Amino acid sequence: MPTYEYCAAEGEKGCPACNVGFDVVHRMSEPGPALCPRCGGKVMRRFTPPGLVTRYNEKSTLSDANLKRHGFKTLRNEGGGRFRVT
Ligand SMILES: [Zn+2]
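Given the structure is predicted, the values throughout are model-derived calculations rather than measurements.

Could you give me a rundown of the overall build of the chain, with the residues and numbers involved?
Helix and strand content of the chain: three helices and five strands. Listed N to C, the secondary structure of the chain is β-α-β-β-α-α-β-β in terms of helices and strands. Burial analysis of the chain (86 residues in total) assigns 22% to the buried set. A sequence separation of at least 24 residues applies to 39% of the contacts in the chain between residues at least 6 apart. Put simply, the chain shows about 6,900 Å² of open surface, and 56% of that area lies on carbon and sulfur atoms.

What follows is the structure, encoded as structure tokens:
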């Protein structure tokens, strides 16, 4: 089933959840939620092209440079049960 993103409808004050937007998985034929499950405010579907991840890009999020910038270390499998910390 496809994932749809919903966010606070225009003119709605919203809460942290619907202001940022949240994902809902439902059938294309089914209507999505009309109200925010958190605050009960009106929500609308945010149209995003299929297959396009808008909030983050996994490739750049998991890039060595980005991980290093955020203080993460990565373990590289060097084979034979050995890992190298980078
Ligand atoms: Zn809300």
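If you had to explain the nonpolar core to someone new, which residues and values would you point to?
Within the largest apolar cluster, 10 residues are counted, these being Tyr-4, Tyr-6, Ala-8, Cys-15, Ala-17, Cys-18, Phe-22, Val-24, Cys-36 and Val-43. Every element with two or more residues in this core is listed here: strand 1 (3-8), helix 1 (16-20) and strand 2 (22-25). For this core, the element with the highest residue contribution is strand 1, accounting for three residues. Excluding its chain neighbours within four sequence positions, the residues that come into contact with Tyr-6 are Gly-21, Phe-22, Val-24, His-26, Gly-32, Pro-33, Val-43, Met-44, Arg-45 and Arg-46.

I'd like to hear about the pattern of salt bridges, residue by residue, with values.
Inspection of the entire model under this criterion finds three salt bridges. Of the charged contacts, one joins Arg-27 and Glu-30 as a salt bridge, the two residues approaching to 4.0 Å between their closest N and O atoms. Since its relative accessible area comes to 38%, Glu-30 is described here as partly exposed.

Can you lay out the coordination of the zinc ion for me, pointing to particular residues and giving the numbers?
Binding of the zinc ion to the protein goes through Cys-15 (SG), Cys-18 (SG), Cys-36 (SG) and Cys-39 (SG), at separations of 2.3 to 2.4 Å. Angles of 107 to 112 degrees at the metal separate the four donor atoms of the zinc ion, which places the site in the tetrahedral class. Going along the chain, you hit the donors of the zinc ion in the pattern C-x2-C-x17-C-x2-C. The pair Cys-15 / Cys-18 is uniform in exposure class, with both members buried.

Rules and cut-offs
- Residues numbered from 1 in each chain as written.
- Predicted model: local features only at pLDDT ≥ 70, side-chain atom pairs only at ≥ 80, totals over all residues.
- Heavy atoms only, no water.
- Helix = DSSP H or I, 4+ residues; strand = E, 2+ residues; numbered from the N terminus.
- Buried < 20%, exposed > 50% of the residue type's maximum accessible area, 1.4 Å probe, protein only.
- Contact = heavy atoms within 4.5 Å.
- Areas by Shrake-Rupley, 256 points an atom, 1.4 Å probe, with all protein chains shown as cover.
- Core = buried A, V, L, I, M, F, W, Y, C linked by side-chain atoms within 4.5 Å.
- Salt bridge = Lys/Arg side-chain N within 4 Å of Asp/Glu carboxyl O.
- Donors = N, O, S within 2.8 Å, 3.2 Å for Na, K, Ca; no water.
- Tetrahedral: all angles 85-135°; square planar, octahedral: opposite > 155°, others 65-115°.

By themselves these figures say nothing about function.
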